[in-house]
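# Close look at the chain arrangement
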Number of protein chains: 2
Amino acid sequence: MNKKYVYLFSEGNGKMRELLGGKGANLAEMTRLGLPVPQGFTVTTEACTLYYEDGERINDEIEKQIFEAIEKLEQITGKRFGDPRSPMLVSVRSGARVSMPGMMDTVLNLGINDDVANSLSELTNNPRFVYDSYRRFIQMFSDVVLGLPKNSFENEITKLKEKRGITYDSELSTEDMKLLVVRFKEIYFELTNSSFPSDPKVQLIEAVKAVFSSWNTPRAISYRRMNDIPSWWGTAVNVQTMVFGNMGDNSGTGVAFSRDPATGENKLYGEFLMNAQGEDVVAGIRTPMPIESLKDVCLSAYEEFSALARKLELHFKDMQDMEFTIENGKLYMLQTRNGKRTAQSALKIAVDMVSESLLTKEEALLKIDPRQLDSLLHARFDEKDLKQAAVVGTGLAASPGAACGRVVFTADKAVEEAKNGPTLLVRNETSPEDIEGMAVVQGILTSTGGRTSHAAVVARGMGVCCVAGCSDIRINEEQGYLTVGNNRVNEGDYMSIDGNTGNVYIGKIKMVAAAISGDFATVMSWADAVRTMKVRANADTPKDAEAALNFGAEGIGLTRTEHMFFQAERIFAVRQMILSQTSEQRQKALDKLLPMQRGDFEGIYRVMRERPVTIRLLDPPLHEFLPNDEGEIRKLASEMGVDYEKLHDTVDSLHEINPMMGHRGCRLSVTYPEITKMQTRAIIEAAINVNREMGINIVPEIMIPLTCDPKELATVRDIVVSTADEIIAESGLKLHYEVGTMIETPRAAVLADEVAAHSDFFSFGTNDLTQMTFGFSRDDAGKFIPSYISSNIFEKDPFERLDSDGVGKLVRYACESSRKVKPKLSLGICGEHGGDPSSIEFLNSVGLDYVSCSPYRVPIARLAAAQAVIKQKS
Amino acid sequence: MNKKYVYLFSEGNGKMRELLGGKGANLAEMTRLGLPVPQGFTVTTEACTLYYEDGERINDEIEKQIFEAIEKLEQITGKRFGDPRSPMLVSVRSGARVSMPGMMDTVLNLGINDDVANSLSELTNNPRFVYDSYRRFIQMFSDVVLGLPKNSFENEITKLKEKRGITYDSELSTEDMKLLVVRFKEIYFELTNSSFPSDPKVQLIEAVKAVFSSWNTPRAISYRRMNDIPSWWGTAVNVQTMVFGNMGDNSGTGVAFSRDPATGENKLYGEFLMNAQGEDVVAGIRTPMPIESLKDVCLSAYEEFSALARKLELHFKDMQDMEFTIENGKLYMLQTRNGKRTAQSALKIAVDMVSESLLTKEEALLKIDPRQLDSLLHARFDEKDLKQAAVVGTGLAASPGAACGRVVFTADKAVEEAKNGPTLLVRNETSPEDIEGMAVVQGILTSTGGRTSHAAVVARGMGVCCVAGCSDIRINEEQGYLTVGNNRVNEGDYMSIDGNTGNVYIGKIKMVAAAISGDFATVMSWADAVRTMKVRANADTPKDAEAALNFGAEGIGLTRTEHMFFQAERIFAVRQMILSQTSEQRQKALDKLLPMQRGDFEGIYRVMRERPVTIRLLDPPLHEFLPNDEGEIRKLASEMGVDYEKLHDTVDSLHEINPMMGHRGCRLSVTYPEITKMQTRAIIEAAINVNREMGINIVPEIMIPLTCDPKELATVRDIVVSTADEIIAESGLKLHYEVGTMIETPRAAVLADEVAAHSDFFSFGTNDLTQMTFGFSRDDAGKFIPSYISSNIFEKDPFERLDSDGVGKLVRYACESSRKVKPKLSLGICGEHGGDPSSIEFLNSVGLDYVSCSPYRVPIARLAAAQAVIKQKS
């Protein structure tokens, strides 16, 4: 038997997400549950894969199965595809495994042609609706399937309206619509040199192809990249019989969530429009009515919808995002999916559903995307400062949080300006083309559109603060300013917006850091109870350490000692040290640095008390501390009282061709042991001092960077241990300390068992390990990694998500081989992957004891570590 | 029972080399064979290791065993240590597993003091000899054991000779010698603030310590590094009862080889001096007599020595290097070891010993150090040019080969100048301090010393051409010139020397390439019959390819296509290609390059015919082809007719922080597929053309560099295959070609099985693999690798010898895992390790099909590959 590429909704179920896509599986599931779903079928994701394998061609078998499904649909509906007497119209939509809003394309009203339109006008007795649908179909087909410029058609409507002296599309008459259909077909011919296809079968196959092709548009690829969706998944195509929300005042269409996606409140949340097709609601052109008002307009539909929403939520055990259409008073469910929500909402829904006994705690934990928490971990407005700020406008609180930044009017500009500081994107409304710009700004402000408009949906997904539909604003993009009331704001001026209230302000408002409380704290406590990996933070200052503690860090996994060297008053001593000609000179400079470093460590110890603190010895190449250009070198020469030429030569001699693989890390300890001795002294003396002062028992962890060889580590460890033991002996106190190493060269990973012999702990430096394993300089790979992603070679930048295939194989090998010889060896990670949820899942699977990440990612890591445990169980 | 740290010669044997060192094992073996050896004992290498473990201290157990051995020696000799009535004197010498000439220190005449000297004068009736020995002992002990300045003592002798108005040491009277002893002891006290030790036991223990310590002198470390000797071996100490060659005219001492170490001729070769101690011969101060003359001076000793030499050679199955002493007419053997020899001699001895049935071919192959062959593979004088050159002086032909270079007078200068071109080191005589300079020059010329002088021995070991003892030369080092006859040669002028004839010339003589013939060819044919790995060469031009064939290469393992881009007439088109703003511009530039590249490949194919040729696609980052400084960029801008500023910006934008890990290798194919298409076209069209032209069947191997991912390779392979197949189809001919990749990133090694799926062959690029596995930039690591070697972290620079522990582990893993999925996958190496004998041994063990190296290393690789097979068998 041939493989099945097409499933009627009645043949599938909700678990067939991989094959049917999320939308298709849910349509099947709703059908199975007996919900009022317009019937249809799904072309599988496997057909999509085959389409690409066949060189972007739909093969005969798939085509055959599609037309067989059409025949079955005809039997179910009693209508016939292309038959004027009883015509069946369909919608064609994409549907990947996970929802990709705005990314994939849709064609409605497919199956219409002149004959069908003609007879349908008689059948419905509503020719204006029919020809409106017809011209929309031609527009959508031309745009989506053939990629013809939208303007060509829109201009025609504008011209006609001008000619008629009218403002709105709704004022166009039936005859106008007919005229547009004729004119649109002419334009189609002009642009393509072929007639608009009147055969519904041709229309259908072309539309299916277009959906498959849209899987690989740059926009879709970009969305996948941002959302960790593998390109090999492919998309399914859903073909569904049309129902019409635009058949008159007894018809309508809407979108609603089973709970509030912004706050999580347990009540229906959404919008509808009567006498409209679905696109009108989402597109944000007409301002829709809140879902509660449906009670007043069509109570039976409201009540049925409310009941179905609850039924679906119970069934899917998750908040639902639903589309419905009312055709002549009858409710149809067009789609349901787990709803996107703000982090705040996700937390509340999780906590509520657990108290409603809808979910277990573990199930609830899995419902929250750890990356989303980021939005809760950033600043909000300072209350005091906020009280003094005047509200100049108000819009919909579309995505929570607060934002303050310089105003830009285009996404491109946003991308540019965001490099220089906080930025606010202000637009009439956003569109999928704006995604990259939306991702980099602090906040988004739109003048039109509702809570389900593009701007609102995307901003919530990204955790970016958004105020939508603020009609007080008038934007003059061309001249680069906006007005709000009587105020004028130029592009580049500061504005502030509050995504929790919808308030808009001119100028800056002070921001304060976030705290973990309420539902967030509850969820974090569940996560902490589940996870087995500890979470530490990377922190170089007492302030960082405090922030880390505040977010629940259980220790410091990485203190970079070199960061302390860059401070203005210290850099001079550092440069003296580097440029010393003799060991004695160097020692003199180091003697100056010692009390400073010791003070740094004391500050951190005081905050962390007895929690583990891992301090890494000097890592970067020495030339990083030196000036580069002539002026600065001259200045330094005169400060140091040395000859410019000589200093210039010394600086030159320290230059490196490939500094990443140069004279840095523990190589500095081998060549300049006196630096290592100074740092060890600072670490140990600081611990002794703070132990004395606070009566506590600090156990410093001294970390040796960039080890590539067991003997190398033994040599450097010797320097550290002999220095430390001497100081401890002199102090007359007891102090336990540990000496470990980073595993960040492939050789250290490959020889991990031998390296372990000289190490009390390992911390994987996956930034450098990724650089060396791939042979990618992080500073330079930006020039080609985007090509690798757009060519589908990489799913994701390996510096963002740990490459579990390659780098991960080395990490796993290092863990297993070292634990074999030293079962209690402590294993952690301090590369940036330590804060990335999918990397954390991998790291949990290899058995790390802890991850360490930036303070602001600690809660994300706590949740991700818990999810990893739960996922690994199943 | 306690561990045995001290062995009498009679307790050991020749196989105990690891424990007793080479010298100790051979003294034991000679004792076992019944040869006349002055008896003694050996302190083991394990004692040396313990000495370092104990913080450079000889522990009580070892000391106890030493004195027990002394007692046994006293029983054997009937003399007693420190007993004036019948005093026993001993020599103390180092003896590592392998001979390290000039590197380790010796103390003679140990056991003497005032009482002993006094009674010994009576016993021998030769007080001058006794006090001469005594003052020598004080000098040696002060120098070797305590490191006191030699001059302090030498000056005293000079002063005394001036006072006496005499020229030679031999003119000093007995009383003078006594005076010197007194004065030397005073000097010793002045310098050390303690009395010269008169207790022989104290003398002995201090001397043993000094030998152990000398294992870690910079000189010894440097020698080990150059000769691949691990530092953990340690040295043994040999304590041997003294016999005296300086007891009068019936005594003497000499050094001789059982065959000629320069030519391999089967006859005794060496020198002796009557009434002298061993050091006098080696030091090159008195000019010794050739060994044949011993017949005339002391026939019985000569005959006995000849017979013993033959006996030892038969026993050890190798040419012997022996030291002997005649004491009052009686012959004593002091040492034997396998003799160092020139490459030419090694080949002749190997071939001769096989025809003498002394060795099997396989045994003979193992006797030749492959690295030595290098000296035979370089140029000799052009015969015609040589005929026209006038000989200005003649010395001893101490190390064969010819050399022509600029004259320098110090080793330091040599190190400096050798960077700029061929260099000749000219000195009165060389000393161990000069080793680094001797290693980098083309030739060495000395004015004094014989064939066993330091210069001669070391030069032969290094395969550097040497003419020794050319007394025609007068060097004025201070004023920077030399005279030879009436000619003056300034430092920096050219001279030429012939190490085969001893002839010295002023000016340049043309050199011609070496060829493989005679014994060399015989040995190579044996090696070829034994080895299983093929040997290819890295060659970028038809000329290189010819040289490679000449040396026996069986194919080309690496043709670097970028080398073809640097030629003056091409670089402009290359730069146009790089700086193109559009694909079309780039294509235009590529169209210009295509015929040039095609021509390059045709040339190489014509030489190699049907032998495999692996061509690597463009590898370096594009900025390597661009000018850097302002002037050059301006010039290029005007040549290209573009704006300077714009060009400067483009050049800037291509700059990379870590170019080694930047936009290069197959990353260029991903971003600029048109370059890959052009190169593929050139490779395939050239093969088609040459196949047509010569009626042969070339199978080009296209190699993709720097792969880090299986999908990446699949993508680039697709570009290559689709281009190639189209061209082949158009040509209407059949052409088989292969597409493979380099394995040079750790990730490619780790994912080798998946990479293999898209590859017909692998070639390990161990240069880059070493860089990335260690995280060492080869361009920068020179700043710290020497510290790693001097700190004993590395035995050897990993860029010279493949790091079998780390990099090798990745190579082995890649081989095993890829062969598992593709058993016939061809595996090779084209990094520089492919020409390094010990790396080749490793590569043979992991099962590579071939190694590829520079043409001049091909014969070395052939021999090393054969040795690897033989060693692996046993």
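You'll find the structure just up there.
Read on for a plain summary of the structure. Keep in mind that what you see is a predicted model, and the values were worked out from it rather than measured.

Analysis parameters
- Residues numbered from 1 in each chain as written.
- Chains lettered and ligands numbered in written order.
- Predicted model: local features only at pLDDT ≥ 70, side-chain atom pairs only at ≥ 80, totals over all residues.
- Heavy atoms only, no water.
- Helix = DSSP H or I, 4+ residues; strand = E, 2+ residues; numbered from the N terminus.
- Rg over C-alpha atoms; globule rule 2.2 N^0.38 Å.
- Buried < 20%, exposed > 50% of the residue type's maximum accessible area, 1.4 Å probe, protein only.
- Contact = heavy atoms within 4.5 Å.
- Lys, Arg positive; Asp, Glu negative; His and termini not counted.
- Charge placed at Lys NZ, Arg CZ, Asp CG, Glu CD.
- Axes fitted to C-alpha atoms, helices over the stretch in contact; angles between N-to-C directions.
- Parallel < 35°, antiparallel > 145°, perpendicular 65-115°, else oblique.
- Nonpolar A, V, L, I, M, F, W, Y, C, P; charged D, E, K, R; others polar.
- Pairing = 2+ DSSP bridges.
- Buried area = accessible area lost by both parts, 1.4 Å probe.
- Salt bridge = Lys/Arg side-chain N within 4 Å of Asp/Glu carboxyl O.
- Polar contact = N/O pair within 3.5 Å; in protein donor to acceptor, adjacent residues only side chain to side chain.
- Core = buried A, V, L, I, M, F, W, Y, C linked by side-chain atoms within 4.5 Å.
- Phe/Tyr/Trp six-rings, centres within 6.5 Å; stacked < 30°, edge-to-face > 60°.
- Least-squares fit on C-alpha atoms with pLDDT ≥ 70 in both.
- Expected span 1.5 Å × (residues − 1).
- Disulfide = S-S within 2.5 Å.
- Patch = residues over 30% accessible without salt bridge, like charges linked within 9 Å, V, L, I, M, F, W, Y side chains within 5 Å.
- Areas by Shrake-Rupley, 256 points an atom, 1.4 Å probe, with all protein chains shown as cover.

## Description of the overall build of chain A
- A tally of regular secondary structure across chain A gives 34 helices and 31 strands.
- Here the C-alpha radius of gyration of chain A, 32 Å, is about what a compact globule of 874 residues would show, namely 29 Å.
- Summarising its shape, the C-alpha atoms of chain A cover approximately 100 × 70 × 55 Å along the three principal directions.
- Burial analysis of chain A (874 residues in total) assigns 58% to the buried set.
- Intrachain contacts of chain A at a sequence separation of at least 6 include 68% that bridge at least 24 residues.
- Charge separation in chain A, taken as the distance between the mean sites of 99 positive and 121 negative side-chain charges, equals 3 Å.

## Details of the packing of helix α5 (residues 127-145) of chain A against helix α6 (residues 150-164) of chain A
All names here are of chain A.
- Two elements in contact, α5 and α6, have axes separated by 9 Å at closest approach and are oriented at 155 degrees. The angle between α5 and α6 places the two elements in the roughly antiparallel class. Taken together, the residues of α6 that come into contact with α5 (itself represented by Arg135, Ile138, Gln139, Ser142 and Asp143) are Lys150, Phe153, Glu154 and Ile157.
- Considered class by class, the residues forming the contact of α5 with α6 number three nonpolar, two polar and four charged.

## Quick look at the sheet that holds strand β27 (residues 700-704) of chain A
Residues and elements named next belong to chain A.
- The eight strands are arranged β24-β25-β26-β27-β28-β29-β30-β31 in a closed barrel whose pairing can be described as parallel. Averaged over neighbouring strand pairs, the angle between their axes works out to 25 degrees when direction is ignored.
- Bridge count between strand β25 (residues 556-560) and strand β26 (residues 613-616): three bridges; the pairing is parallel. Bridge assignment links Ile556 to a residue of β26, and that residue is Val613.
- Here helix α27 (residues 710-731) sits on the sheet and contacts β27 and β28 (738-743); the angle it forms with β27, its principal contact strand, is near 145 degrees.
- Contacts from helix α34 (residues 858-873) reach β24 (534-538) and β31 (850-853), with the element oriented near 155 degrees to β24.

## Looking at the pairing of strand β3 (residues 90-96) of chain B
All names here are of chain B.
- With seven of its seven residues buried, β3 lies for the most part within the structure.
- Across the two faces of β3 the burial is the same, with Val90, Val92, Ser94 and Ala96 and Ser91, Arg93 and Gly95 all buried.
- Where β3 lies against strand β4 (residues 106-110), three bridges are found, and the strand directions are antiparallel. Within β4, the residue paired with Arg93 across the bridge is Thr106.
- Pairing between β3 and strand β5 (residues 235-241): seven bridges, direction antiparallel. For Ala96, the partnering residue across the bridge sits in β5 and is Thr235.

## Topic: the sheet that holds strand β28 (residues 738-743) of chain B
All names here are of chain B.
- The sheet built from eight strands closes into a barrel, its strands ordered β24-β25-β26-β27-β28-β29-β30-β31 with parallel pairing. Across the sheet, the axes of successive neighbouring strands diverge by a mean angle of 25 degrees, strand direction being ignored.
- In this sheet, strand β31 (residues 850-853) lies alongside strand β24 (residues 534-538) in parallel orientation, the contact comprising four bridges. Within the sheet, the bridge partner assigned to Val535 lies in β31 and is Val851.
- Contacts from helix α26 (residues 673-694) reach β26 (613-616) and β27 (700-704), with the element oriented near 170 degrees to β27.

## Some words on the interface of chain A and chain B
- If you look at the interface, chain A gives 49 residues, while chain B gives 49 residues.
- Summing both sides of the interface, chain A and chain B together bury roughly 4200 Å²; the carbon and sulfur share of this comes to 59%.
- In this assembly, chain A and chain B are joined by two salt bridges.
- A salt bridge links B:Arg747 to A:Asp803; the nearest nitrogen and oxygen atoms lie 2.6 Å apart.
- Across the chain A-chain B interface, the total number found is 30 residue pairs in polar contact (both at pLDDT 80 or more).

## Quick look at the nonpolar core
- By size, the foremost hydrophobic cluster in this structure holds 276 residues, and its most contacted members are A:Tyr605, B:Leu373 and B:Tyr605.
- Ignoring sequence-local partners within four residues, the contact set of B:Leu373 consists of B:Ala343, B:Leu347, B:Ile368, B:Phe520, B:Met524, B:Pro859, B:Ile860 and B:Leu863.
- Of all hydrophobic cores here, the second largest spans 62 residues; its members include B:Phe81, B:Val116, B:Ala117 and B:Met140.

## Looking at the packing of aromatic side chains
Residues and elements named next belong to chain B.
- Throughout the structure, instances matching the rule amount to 44 aromatic pairs over all chains.
- A centroid spacing of 5.4 Å and a plane angle of 75 degrees characterise the contact between Phe141 and Phe196, whose relative ring orientation is edge-to-face. Placement of the pair is Phe141 in helix α5 (residues 127-145) and Phe196 in the loop between α7 (174-192) and α8 (200-214), with a sequence separation of 55 residues.
- The interplanar angle of 45 degrees and the centroid separation of 4.6 Å between the aromatic rings of Phe305 and Phe324 together place this pair among those described as tilted. Taken together, the residues Phe305 in helix α12 (residues 299-316) and Phe324 in strand β9 (residues 320-327) connect sequence positions 19 residues apart.

## Looking at the environment of A:Arg667
- Its location among the elements puts A:Arg667 in helix α25 (residues 666-671).
- With relative accessibility at 0%, the residue A:Arg667 sits in the buried group.
- Sequence separation of A:Arg667 and A:Asp619 is 48 residues, and the distance between their C-alpha atoms is 8.9 Å.
- The contact partners of A:Arg667, leaving out residues within four places of it in the chain, are A:Met661, A:Gly662, A:Leu706, A:Glu712, A:Thr745, B:Phe774, B:Gly775, B:Phe776, B:Phe784 and B:Tyr788.

## Let's talk about the relation of the copies chain A and chain B
- In the superposition of chain A on chain B (RMSD 0.2 Å, axial shift 0.1 Å), the rotation amounts to 180 degrees. This pairing of chains is accounted for by a two-fold axis. Taking the C-alpha atom as reference, chain A places A:Asn658 closest to the rotation axis, 2.2 Å from it.
- Most of the interface of chain A is mirrored in chain B, where 100% of its interface residues are also at the interface.

## Examining the side chain of B:Glu562
Residue and element names in this part refer to chain B.
- If you trace the backbone, Glu562 turns up in the loop between β25 (556-560) and α21 (568-579).
- Of the polar contacts made by the side chain of Glu562, one reaches the side chain of Arg616; its length is 2.8 Å.
- Leaving out residues up to four positions away in the same chain, Glu562 has contacts with Arg616, Leu617, Leu618, Asp619, Pro620 and Phe625.

## Observations concerning helix α27 (residues 710-731) of chain B
- Here α27(B) spans 31 Å end to end across 22 residues, near enough to the 32 Å set by a 1.5 Å rise per residue.
- For α27(B), the complete set of buried residues consists of B:Pro710, B:Glu712, B:Leu713, B:Val716, B:Ile719, B:Val720, B:Thr723, B:Ala724, B:Ile727 and B:Ile728.
- Against α31 (785-790) of chain A together with α25 (666-671), α26, β27, β28 and α29 (752-756) of chain B lie the buried residues of α27(B).
- Where α27(B) begins, the side chain of B:Asp709 points an oxygen toward the backbone nitrogen of B:Lys711, at a separation of 2.8 Å.
- At the C-terminal side of α27(B), B:Gly732 shows a positive phi close to 75 degrees.

## Side note on helix α2 (residues 45-53) of chain A
All names here are of chain A.
- Regarding α2, the residues found buried are Thr45, Ala47, Cys48, Leu50 and Tyr51.
- Looking at the buried side of α2, the elements it contacts are α1 (17-32), β2 (40-43), α3 (60-77), α8 (200-214) and β5 (235-241).
- Following α2 by one or two positions, Gly55 has its phi on the positive side, about 75 degrees.

## With respect to the state of the cysteines
- Under the criterion given, the structure shown has zero disulfides over all chains.
- Free cysteine: B:Cys708, not disulfide-bonded; nearest cysteine sulfur from B:Cys666 at 6.5 Å.

## Observations regarding the environment of B:Ser86
All names here are of chain B.
- Among the structural elements, Ser86 can be located in the loop between α3 (60-77) and β3.
- A C-alpha to C-alpha distance of 7.9 Å links Ser86 and Leu120, two positions 34 residues apart in sequence.
- With residues near it in sequence (within four places) discarded, Ser86 still touches Gly78, Lys79 and Arg80.

## A look at a negative patch on the surface
All names here are of chain A.
- There is a patch of like negative charges on the surface, built from Asp643, Glu645, Asp649 and Asp652.
- Summarising the element assignment, Asp649 is placed in helix α24 (residues 644-654).
- On the basis of relative accessible area, Asp649 is assigned to the partly exposed category, the value being 49%.

## So, the pattern of salt bridges
- Scanning the entire structure with this criterion turns up 108 salt bridges over all chains.
- Linking B:Arg93 and B:Glu323 is a salt bridge whose minimum nitrogen-to-oxygen distance equals 3.6 Å. Residue B:Arg93 is located in strand β3, and its partner B:Glu323 is located in strand β9; the two are separated by 230 residues in the primary sequence.
- Its salt-bridge partner being B:Arg862, residue B:Asp528 comes within 2.7 Å of it at the nearest N-O pair. Of this pair, B:Asp528 sits in helix α19 (residues 518-530) while B:Arg862 sits in helix α34 (residues 858-873); the two residues are 334 residues apart in sequence, bridging distant segments of the chain.
- You can call B:Asp528 partly exposed: its relative accessible area is 30%.
- Using a relative accessible area of 8% as the deciding quantity, one classes B:Arg862 as buried.
- What emerges from the salt-bridge pattern is a single network uniting A:Glu156, A:Lys159, A:Arg183, A:Glu186 and A:Glu190.

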